[in-house]
Amino acid sequence: GEDVEQSLFLSVREGDSSVINCTYTDSSSTYLYWYKQEPGAGLQLLTYIFSNMDMKQDQRLTVLLNKKDKHLSLRIADTQTGDSAIYFCAESIASGTYKYIFGTGTRLKVLA
Amino acid sequence: NAGVTQTPKFQVLKTGQSMTLQCAQDMNHNSMYWYRQDPGMGLRLIYYSASEGTTDKGEVPNGYNVSRLNKREFSLRLESAAPSQTSVYFCASSQINQPQHFGDGTRLSIL
């Protein structure tokens, strides 16, 4: 079945780079997404990548996709305390109507 | 610049009470979704509406009903609330195979 897995926690020091990893099982994914959730708020779209790309860069964010290993990562350069949040990986799958599968989220804690 | 608007933001119910969670989007999206978020379980899809006039069950539909009132609005109804339905509920909308946009959520407690 379809599944998206992430580690639960990550702790980094302010100014360091953060790398959040995600693995997925369905090879028919079309897009892969990263969302950020701050306390008490909804999910905010950070970035997304088409499944035939292997990298996308957007300011401090770099997304790497290894389609062979079904592995997605989000790198945040120069991590700030404001980056502390839960990060969700998600994929959309063409399956009749499109489906979206979310991971359980990685809680990033940035230490000053 | 509203995006997806959910009401109410917070609600406390007693077991057996009913209520409707409202969701409206102003992005002219065809598809709308209801999720629940519980600790350690990520987002689970309750119901979705691929387009106006259609609704389908998601992963955890039991105890819920939905109505796609028009293209903008998609409501979620709990007919007889149970403590297991204590959760944070998110509405989302999208065009097909495009990123979903989320509301700020409704925090629902059932005593």
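In this report, we go over the structure that sits alongside the text. None of these values were measured; they are calculated from a predicted model.

## Quick look at the packing of aromatic side chains
Alright, step 1. Under the criterion given, the structure shown has 16 aromatic pairs over all chains.
Alright, step 2. Note on Tyr33 of chain B and Tyr48 of chain B: the rings are 6.4 Å apart at their centroids and 20 degrees apart in plane angle, and the pair reads as stacked. Of this pair, Tyr33 of chain B sits in strand E4 (residues 31–37) while Tyr48 of chain B sits in strand E5 (residues 43–49); the two residues are 15 residues apart in sequence, bridging distant segments of the chain. Taken as a pair, Tyr33 of chain B and Tyr48 of chain B share a single burial class, namely buried.
Alright, step 3. Within the aromatic cluster, the residues linked to one another by ring pairs are Tyr31, Tyr33, Tyr35, Tyr48, Phe50, Tyr100 and Phe102 of chain A together with Tyr33, Tyr35, Tyr48, Phe90 and Phe102 of chain B.
Alright, step 4. For Lys56 of chain A, the ring lying beneath its charged end belongs to Tyr48 of chain A, and the centroid distance is 4.7 Å.

## What about the side chain of Thr79 of chain A?
Residues and elements named next belong to chain A.
Alright, step 1. Among the secondary structure elements, Thr79 is positioned in the loop between strand E8 (71–76) and strand E9 (85–95).
Alright, step 2. Overall, the relative accessible area of 0% leaves Thr79 in the buried class.
Alright, step 3. Not counting residues up to four positions away in its chain, the partners in contact with Thr79 are Val12, Glu14, Gly15, Asp16, Ser17, Ser18, Arg60, Leu108 and Val110.

## Quick notes on the interface of chain B and chain A
Alright, step 1. At the interface, 21 residues of chain B touch 19 residues of chain A.
Alright, step 2. Summing both sides of the interface, chain B and chain A together bury roughly 1600 Å²; the carbon and sulfur share of this comes to 57%.
Alright, step 3. Where chain B touches chain A, the interface holds zero salt bridges.
Alright, step 4. Linking chain B with chain A are five residue pairs in polar contact (both at pLDDT 80 or more).
Alright, step 5. For the side of chain B that touches chain A, the secondary-structure elements that each account for two or more residues are E4, E5 and strand E9 (87–94) of chain B.
Alright, step 6. The element contributing the most residues to the side of chain B that touches chain A is E4 of chain B, with three residues.
Alright, step 7. For the side of chain B that touches chain A, the residue count by class is ten nonpolar, nine polar and two charged.

## Remarks on the state of the cysteines
Alright, step 1. As enumerated under the stated definition, the model contains two disulfides over all chains in all.
Alright, step 2. Paired through a disulfide, Cys22 of chain A and Cys89 of chain A show a sulfur-sulfur distance of 2.0 Å. With the S-S dihedral at roughly -65 degrees, the linkage between Cys22 of chain A and Cys89 of chain A falls on the left-handed side. Linking Cys22 of chain A in strand E3 (residues 18–24) with Cys89 of chain A in strand E9, this pair joins segments that are 67 residues apart in sequence.
Alright, step 3. Residue classification places Cys89 of chain A among the buried positions, given a relative accessible area of 1%.
Alright, step 4. Each sulfur in the disulfide pair Cys23 of chain B and Cys91 of chain B lies 1.9 Å from the other. Note on the Cys23 of chain B and Cys91 of chain B pair: the S-S dihedral is about -75 degrees, so by sign convention the disulfide is left-handed. Of this pair, Cys23 of chain B sits in strand E3 (residues 19–25) while Cys91 of chain B sits in strand E9, and the two are 68 residues apart along the sequence.
Alright, step 5. Given the relative accessible area of 0%, Cys91 of chain B is considered buried.

Reading guide: rules and limits
- Residues numbered from 1 in each chain as written.
- Chains lettered and ligands numbered in written order.
- Predicted model: local features only at pLDDT ≥ 70, side-chain atom pairs only at ≥ 80, totals over all residues.
- Heavy atoms only, no water.
- Phe/Tyr/Trp six-rings, centres within 6.5 Å; stacked < 30°, edge-to-face > 60°.
- Helix = DSSP H or I, 4+ residues; strand = E, 2+ residues; numbered from the N terminus.
- Buried < 20%, exposed > 50% of the residue type's maximum accessible area, 1.4 Å probe, protein only.
- Lys NZ or Arg CZ within 6 Å of the ring centre and 35° of its normal.
- Contact = heavy atoms within 4.5 Å.
- Buried area = accessible area lost by both parts, 1.4 Å probe.
- Salt bridge = Lys/Arg side-chain N within 4 Å of Asp/Glu carboxyl O.
- Polar contact = N/O pair within 3.5 Å; in protein donor to acceptor, adjacent residues only side chain to side chain.
- Nonpolar A, V, L, I, M, F, W, Y, C, P; charged D, E, K, R; others polar.
- Disulfide = S-S within 2.5 Å.

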